[in-house]
Amino acid sequence: MKAGDLIRFIKTGAMGIIVEVIDKASDLSGPKALVYCAWEDEETGNQHNESLWYYLDYLQKCSEPATFDDSAMIGGRL
């Protein structure tokens, strides 16, 4: 995984863009990736977005590569 990759979380269907990857973390926790996600709440119509750090090991288990053609995203479109 590298910056600019579009991913889809398998369980929720939410999509995100990898903004930054840190291979050499200052602690012993391992490589991390900053993922930006944006969505719309279907019930309220409110727009939401967030950027969260994930360990690469975790992302490789719970996400898959995505394309902008993945329009079946739960909660709106990226």
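Residues numbered from 1 in each chain as written. Predicted model: local features only at pLDDT ≥ 70, side-chain atom pairs only at ≥ 80, totals over all residues. Heavy atoms only, no water.

(A) Up close: the pairing of strand S2 (residues 15-22). Of the pairings in the sheet, the one linking strand S1 (residues 6-9) to S2 comprises three bridges and is antiparallel in character. Across the sheet, isoleucine 7 pairs through a bridge with glycine 16, a residue of S2. Taking the residues between adjacent antiparallel strands as the criterion, S1 and S2 are bridged by five residues, where glycine 13 takes a positive phi near 80°. Strand direction decides the pairing type here: S2 and strand S3 (residues 32-40), joined by six bridges, are antiparallel. From the neighbouring strand, glycine 16 faces S3, where its bridge partner is cysteine 37. (Pairing = 2+ DSSP bridges. Helix = DSSP H or I, 4+ residues; strand = E, 2+ residues; numbered from the N terminus.)

(B) Summary view of the sheet that holds S1. With respect to topology, five strands assemble into an open sheet ordered S4-S3-S2-S1-S5, the strand pairing being antiparallel. Unpaired on one side and paired on the other, strand S4 (47-55) and strand S5 (63-65) mark the two borders of the sheet. Between one strand and the next, the sheet's axes are offset by a mean angle of 35°, whatever the strand orientation. Across three bridges, S1 lies against S5 in antiparallel orientation. (Axes fitted to C-alpha atoms, helices over the stretch in contact; angles between N-to-C directions.)

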